[in-house]
Amino acid sequence: FSAGGHLAARVGAARDRAYVIVIAGPNVGEMFKVADKDGDGVSATFGGRDCNDEDASIFPGASEVCDDIDNDCNDLVDDGLGLDLYADADNDGFGDEDQPVDGCIEQPGTSFISGDCDDTDPAISPEAIEVCDGIDNNCDANIDEGVLNIYFVDQDGDGFGDAGAPVEACTKPLETAENSEDCDDTNSAISPAASEICDGGIDNNCDGLVDDGTAVNQTTFYTDLDNDGYGDSTSPVMSCEQPSNTSSNDEDCDDTDAAISPETIWPIDLDGDGFGGVQASCFTVRMEDSYGDGWNGGALEISVDGVPVDSGLPATSAAEQTAGRFFVSSGYEMHIAFCVPDGQLQLEYFSDSWESENTYELMDTALNVVFADGPTPGTGVAFQQTVTASVLAQSCLPPVNAASVGGDCNDLSPEVYPGAIEVCDWLDNDCNGWVDGSDSAVSYSIDEQYFVDDDGDGYGDPNNVVEACDQPLNTVDNEDDCDDTDANVNPDTIWYVDADADGFGGVFSINTCQQPTGYVQNTDDCNDIDASIYPGASEYCDGIDQDCDGDTQDADAVDALTWYTDADGDGFGDVTATVFDCVQPSGTVEDATDCDDTDDLVFPRSHEIEIPFDGIDQDCDGFDVCRDINCDAWPDLVFAGYYSNAGGYNAEGFVFYGSENGYSNLDRDTLPSVGTTGSSSGDFNGDGYVDVVLTSYRNYSSYIQNSIIYYGSSTGLDSVGTEVMATAGSLRSCIGDLNDDGFDDIVQASH
């Protein structure tokens with residue numbers, strides 16, 4: 001309710017029902033007297049509207065002051081003070097006028113200034129600078145005013161726009177340009193950046209001019225004042241089209257005279273030697289003896305249109321070597337030059353003795369081989385060629401090498417002209433028709449001096465000089481030999497120090513041609529500090545290699561021992577197979593008495609059974625007969641029986657056969673005998689076996705008692721094959737060949 005009796009309503013709620021109590025009348029206040037704590041006349045209860053009953057300055061109807069308090073209890077703080085405060089959500093200093101805020105103090109989030117057209121963006125406010133972004137940045141209700149860029153349509157995409165098609169935008173749209181300089185936006189090849197070219201009426205670079213002097217492909221023309229078709233190089237004219245009185249070339253050297261142009265023909269000296277070429281084609285012929293032996297018959301005839309070219313050579317005794325034909329008259333080779341006019345050049349070879357030993361070449365003035373044949377050239381027409389000669393040249397200016405005189409036989413070489421010095425270069429330098437060494441006037445250089453090398457060691461004799469264009473046989477290009485008769489003496493000769501002056505060098509050496517004192521040409525000395533030691537010195541058995549053959553025990557030592565080859569290994573050497581050495585060589589012995597060194601059963605004192613006259617001297621005693629009774633080379637003993645133990649003179653004699661073990665009763669033979677006083681042996685019948693004679697002195701009753709000869713055989717003494725000799729009182733028998741008939745004789749000495 002209100003104190004003025006106005007309608008007041010209170011709405012209460014009790015569970016699901018609502019009640020409204022209405023009280024009205026002029027004496028309502030009297031009806032409801034309530035408490036007023038602050039004494040401001042307004043209660044806070046029973047319908048009182050004091051919003052702060054603790055402060056007498058606060059009550060409904062009180063004056064609102066700016067203190068951040070609702071002074072008049074109208075539920076508004078600091079209202080009605082005449083101040084406009086607005087919400088400033090983006091804190092940019094400008095509030096949203098559609099969002100007023102009660103208050104008298106500007107706090108964060110509020111502003112007394114309104115006008116913000118976007119209170120969510122601090123970059124947007126009435127103070128912001130308008131930028132081109134499609135937004136009203138300064139809140140003046142205009143978007144991008146005064147900041148839009150102007151672009152121009154670029155239809156052909158050449159980077160230049162059409163001035164008649166502007167476009168406003170913040171950023172450059174597609175197919176636009178920032179400039180309006182294109183003069184044809186339908187052709188990308190036409191723009192201010194293009195080069196002007198000569199193309200017949202198009203302004204390529206948009207400068208308003210067509211095919212002007214800026215065109216990059218202008219043609220250079222040259223002023224042709226004399227109208228001879230050749231322009232002046234010092235007066236170029238650049239243009240897309242040829243102007244009148246111009247030429248496309250700059251070859252005129254005098255544009256005031258139509259008679260002088262590159263077509264002007266001048267006489268010319270091609271090689272600059274002061275002589276103009278002859279009106280002919282020039283060639284060189286080189287002809288040589290293929291084998292260098294001086295036998296080189298045959299000749300070469302050169303003709304033009306059937307007319308021989310005169311060689312200038314006289315005729316010779318050779319049938320085909322007539323005047324006008326080229327041939328090697330002597331020596332190894334010939335060079336000659338010739339010039340021919342226009343026509344058919346022909347080479348024809350004529351044979352003669354030894355004609356197959358020529359080689360020839362036809363060369364042009366540049367020494368290029370045009371034709372060659374050999375070493376066994378064919379006869380007849382060998383070569384034909386049409387030649388065209390010219391001594392004129394076309395030139396605008398007179399050539400600096402134009403000549404006032406002619407006669408040059410090779411106008412491609414400045415070394416060739418009449419009167420030039422002839423040198424070795426395969427050219428006819430003096431134009432006299434002769435080349436190199438064939439020209440008696442040739443001048444040889446120091447490099448064309450050769451030196452005879454008689455000993456063939458590669459070094460020449462300085463006192464035997466030969467001048468020639470080509471190196472002759474048996475010569476060299478050096479003069480370093482000091483003895484041209486000895487191939488072993490030259491600058492490469494190695495001389496060795498002969499310290500002991502024994503004629504043989506050691507290991508230290510030098511290379512020189514002349515023999516230095518104290519040096520020799522060999523290095524054979526094995527001890528160059530001992531003059532007694534050198535190759536060929538006498539060797540001694542002293543452990544020193546005196547003769548430098550690498551052996552200290554040479555067989556040729558003067559005091560070497562004599563040894564004999566024992567080929568059959570029987571311990572006895574062959575006297576004809578002598579070996580000299582300081583020490584015994586293998587397979588040798590000191591004894592040289594072997595009579596057959598191929599049979600190890602034949603040697604001195606061999607005990608192999610001797611077979612008389614079989615061609616084998618078994619014991620090498622010099623006789624092919626037996627020297628003992630059983631032929632085994634062991635001495636045998638013969639005992640004569642004079643008187644027996646039983647009494648009487650019938651006593652037996654015995655033969656004891658020798659052996660390596662001596663004698664034995666088991667190896668003996670019995671010889672029946674009577675009164676025998678001695679025995680002797682010999683070969684009485686010449687059969688090569690030893691025979692024994694028993695000399696008998698007496699028997700039982702008398703001195704007349706026969707002596708007995710027992711003949712030897714391959715089985716020993718033959719007791720059956722005996723021979724009786726009539727003797728009496730014989731005491732001794734002497735054996736010898738008394739009559740030199742080759743048979744032993746017996747002399748009986750009787751008592």
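The rules behind the values
Positions within a chain are numbered from 1, following the residues in the order the chain's sequence is written. Totals for whole chains, interfaces and linings use all residues, but because this is a predicted model, local features are given only for residues with pLDDT of at least 70 and pairs of side-chain atoms are given and counted only at 80 or more. Derived side-chain values reflect all non-hydrogen atoms in the structure, with water molecules and hydrogen atoms excluded from consideration. Numbered from the N terminus, helices here are DSSP runs of H or I no shorter than four residues, and strands are runs of E no shorter than two. For the exposure calls, accessible area comes from a 1.4 Å probe over protein chains only, and a residue counts as buried if that area is under 20% of its type's maximum, exposed if over 50%, partly exposed in between. The criterion used for residue contact is that any of the two residues' heavy atoms lie within 4.5 Å. Side-chain atoms alone can form a polar contact between residues adjacent in sequence; in general such a contact is a pair of N or O atoms within 3.5 Å, and within protein one must be able to donate a hydrogen while the other accepts it. A pair of aromatic rings is counted whenever rings of Phe, Tyr or Trp (Trp by its six-membered ring) have centres within 6.5 Å, and the orientation is called stacked for planes under 30 degrees apart, edge-to-face for over 60 and tilted otherwise. Two conditions define a charge located above a ring, namely a distance within 6 Å from the ring centre to NZ of Lys or CZ of Arg, and an angle within 35 degrees of the ring normal. Think of it this way: DSSP has to see at least two bridges between two strands before they count as a pair. Cysteine sulfur atoms that come within 2.5 Å of each other are treated as a disulfide pair. To obtain each axis, a line is fitted to C-alpha atoms, and for helices this fit is confined to the stretch in contact; angles are then taken between N-to-C directions over 0 to 180 degrees. Residues form patches when they are more than 30% accessible in relative terms and have no salt bridge. Like charges link within 9 Å. Nonpolar side chains (Val, Leu, Ile, Met, Phe, Trp, Tyr) link within 5 Å. For accessible areas, the Shrake-Rupley method is used with a probe of radius 1.4 Å. Any residue's cover is judged against the shown protein chains and nothing else. Throughout this description, the term salt bridge denotes a Lys or Arg side-chain nitrogen within 4 Å of a carboxyl oxygen of Asp or Glu. What we call a nonpolar core is a set of buried Ala, Val, Leu, Ile, Met, Phe, Trp, Tyr and Cys residues that are connected through their side-chain atoms within 4.5 Å. Across the chain, each position has a pLDDT score giving the predictor's confidence in that residue, from 0 to 100.

### Brief notes about the overall build of the protein chain
- For the protein chain, the helix and strand inventory stands at one helix and 43 strands.
- Per-residue burial over the protein chain gives 38% buried out of 751 residues.
- A sequence separation of at least 24 residues applies to 41% of the contacts in the protein chain between residues at least 6 apart.

### Looking at the side chain of aspartate 212
- By the element assignment, aspartate 212 lies in the loop between strand E8 (176-177) and strand E9 (219-223).
- In this structure the side chain of aspartate 212 is engaged in a polar contact, spanning 3.0 Å, whose partner is the side chain of threonine 214.
- If sequence neighbours within four positions are ignored, aspartate 212 has contacts with Glu196, Asp207 and Gln218.

### Examining the packing of aromatic side chains
- For the structure shown, the criterion picks out 13 aromatic pairs.
- Seen in terms of ring centroids, phenylalanine 654 and phenylalanine 656 are 6.3 Å apart; in terms of plane orientation they differ by 50°. Their pairing is tilted.
- Three or more aromatic residues link up through ring pairs in this structure, and these residues are Tyr642, Tyr643, Tyr649, Tyr697, Tyr700 and Tyr703.
- In this structure, arginine 698 is placed above the aromatic ring of tyrosine 703, and the distance from its NZ or CZ to the ring centre is 4.9 Å.

### Thoughts on the sheet that holds strand E32 (residues 561-565)
- Taken together, the three strands give an open sheet; going across it, the order is E33-E32-E34, and neighbouring strands pair in antiparallel fashion. Single-partner strands in this sheet number two, and they are strand E33 (578-581) and strand E34 (588-589).
- Pairing of E32 with E33 involves four bridges; the strand directions are antiparallel. The residue bridging tyrosine 564 from the neighbouring strand is threonine 578, located in E33.

### Considering the state of the cysteines
- Summed over all chains, the structure comprises eleven disulfides.
- There is a disulfide in this structure between cysteine 183 and cysteine 206, and the S-S distance comes to 2.1 Å. One quick way to see it: the torsion about the S-S bond of cysteine 183 and cysteine 206 is about -80°, and its sign makes the bridge left-handed. With a gap of 23 residues between them, cysteine 183 in the loop between E8 and E9 and cysteine 206 in the loop between E8 and E9 connect regions that are remote in the sequence.
- For cysteine 183, a relative accessible area of 44% gives the class partly exposed.

### Quick word on the sheet that holds strand E38 (residues 676-682)
- If you walk across this open sheet you meet the four strands as E38-E39-E40-E41, and the pairing is antiparallel. Here the strands that pair on one side only, and so sit at the sheet edges, are E38 and strand E41 (722-725). Ignoring strand direction, the axes of neighbouring strands in this sheet form an average angle of 20°.
- Summarising the sheet, strand E39 (residues 691-696) and strand E40 (residues 707-710) pair through three bridges and their orientation is antiparallel. Bridge pairing in E40 places valine 693 opposite isoleucine 709.

### A closer look at a nonpolar patch on the surface
- A cluster of nonpolar side chains, namely Leu637, Phe639 and Tyr663, defines an oily patch on the protein surface of about 270 Å² accessible area.
- Mapped onto the secondary structure, leucine 637 falls in strand E35 (residues 637-639).

### As for the environment of valine 340
- Secondary-structure assignment places valine 340 in strand E18 (residues 333-340).
- Taking relative accessible area as the criterion, valine 340 reaches 0% and is therefore assigned buried.
- Considering only alpha carbons, one finds valine 340 and serine 281, 59 residues apart in sequence, at a separation of 5.3 Å.

### What about the pattern of salt bridges?
- Taken as a whole and judged by the stated rule, the model has three salt bridges.
- With a closest N to O distance of 3.1 Å, glutamate 288 and arginine 286 form a salt bridge.
- Overall, glutamate 288 belongs to the buried group, its relative accessible area being 12%.
- Between glutamate 361 and arginine 286 there is a salt bridge, with the nearest N and O atoms lying 3.8 Å from each other. With glutamate 361 in strand E20 (residues 358-363) and arginine 286 in strand E14 (residues 281-289), the pair connects residues that are 75 residues apart, well separated along the chain. Each member of the pair, glutamate 361 together with arginine 286, is buried.
- Taken together, the shared-partner salt bridges in this structure form one network comprising Arg286, Glu288 and Glu361.

### Here's the deal with the environment of serine 532
- With respect to the secondary-structure elements, serine 532 resides in the loop between strand E31 (519-520) and E32.
- Along the primary structure serine 532 and glutamine 546 are separated by 14 residues, whereas in three dimensions their C-alpha atoms are 6.9 Å apart.
- The residues contacting serine 532, other than those within four sequence positions of it, are Ala537 and Gln546.
- Within the local environment of serine 532, its side chain forms a polar contact with the side chain of aspartate 530, the two groups lying 2.6 Å apart.

### Some details on the environment of leucine 225
- Assignment of secondary structure puts leucine 225 in the loop between E9 and strand E10 (236-239).
- Sequence-wise, leucine 225 and serine 247 are 22 residues apart; in three dimensions their C-alpha atoms are separated by 9.4 Å.

### Details of unusual backbone geometry
- In this model, glycine 374 is joined to proline 375 through a cis peptide bond whose omega is 5°.
- With respect to the secondary-structure elements, proline 375 resides in the loop between strand E21 (369-373) and strand E22 (380-387).
- Despite not being glycine, glutamate 175 has its phi angle at roughly 60°, a positive value.
- As for its position among the elements, glutamate 175 is in the loop between strand E7 (166-169) and E8.
- For glutamate 175, a relative accessible area of 61% translates into the label exposed.
- Backbone geometry at cysteine 631 places phi at a positive 65°, although glycine is not the residue there.
- The buried category is assigned to cysteine 631, whose relative accessible area is 4%.

### A few points about the nonpolar core
- Of all hydrophobic cores here, the largest spans 19 residues; its most connected members are Leu300, Ile302, Phe338, Leu345, Leu347 and Leu362.
- Counting residues per element, the ones that place at least two in this core are E14, strand E15 (299-304), E18, strand E19 (343-350), E20 and E22.
- Those residues in contact with isoleucine 302 that sit more than four places away from it in its chain are Val285, Val307, Pro308, Val309, Phe326, Phe338, Leu345, Gln346 and Leu347.
- Core analysis: the second largest hydrophobic core is formed by ten residues, Tyr657, Leu671, Leu694 and Leu717 among them.

### Details of the pairing of strand E26 (residues 449-452)
- Sheet topology note: the E26/strand E27 (residues 465-467) ladder contains three bridges and is antiparallel. From the neighbouring strand, glutamine 449 faces E27, where its bridge partner is glutamate 467.
- One ladder, built from two bridges, connects E26 with strand E28 (residues 475-476); its direction is antiparallel. The partner of valine 452 across the bridge, within E28, is threonine 475.

### Digging into the confidence of the model for the protein chain
- Confidence in the prediction of the protein chain, expressed as mean pLDDT, is 83, and 87% of residues score 70 or more.
- Averaged pLDDT values for the elements of the protein chain fall to 40 in strand E1 (residues 11-14) and rise to 95 in E31.
- Across residues 1-21 the pLDDT falls below 50, and counting only partners more than four positions away or on other chains, this stretch makes 18 contacts in the model.
- Across residues 312-321, where pLDDT falls below 50, the model places 24 contacts with residues more than four positions away in sequence or in other chains.

### Considerations on the side chain of serine 239
- Mapped onto the fold, serine 239 is located in strand E10.
- Within the structure, serine 239 has its side chain in polar contact with the backbone oxygen of glutamate 241 (distance 2.5 Å).
- Not counting residues up to four positions away in its chain, the partners in contact with serine 239 are Gln218, Thr219 and Phe221.

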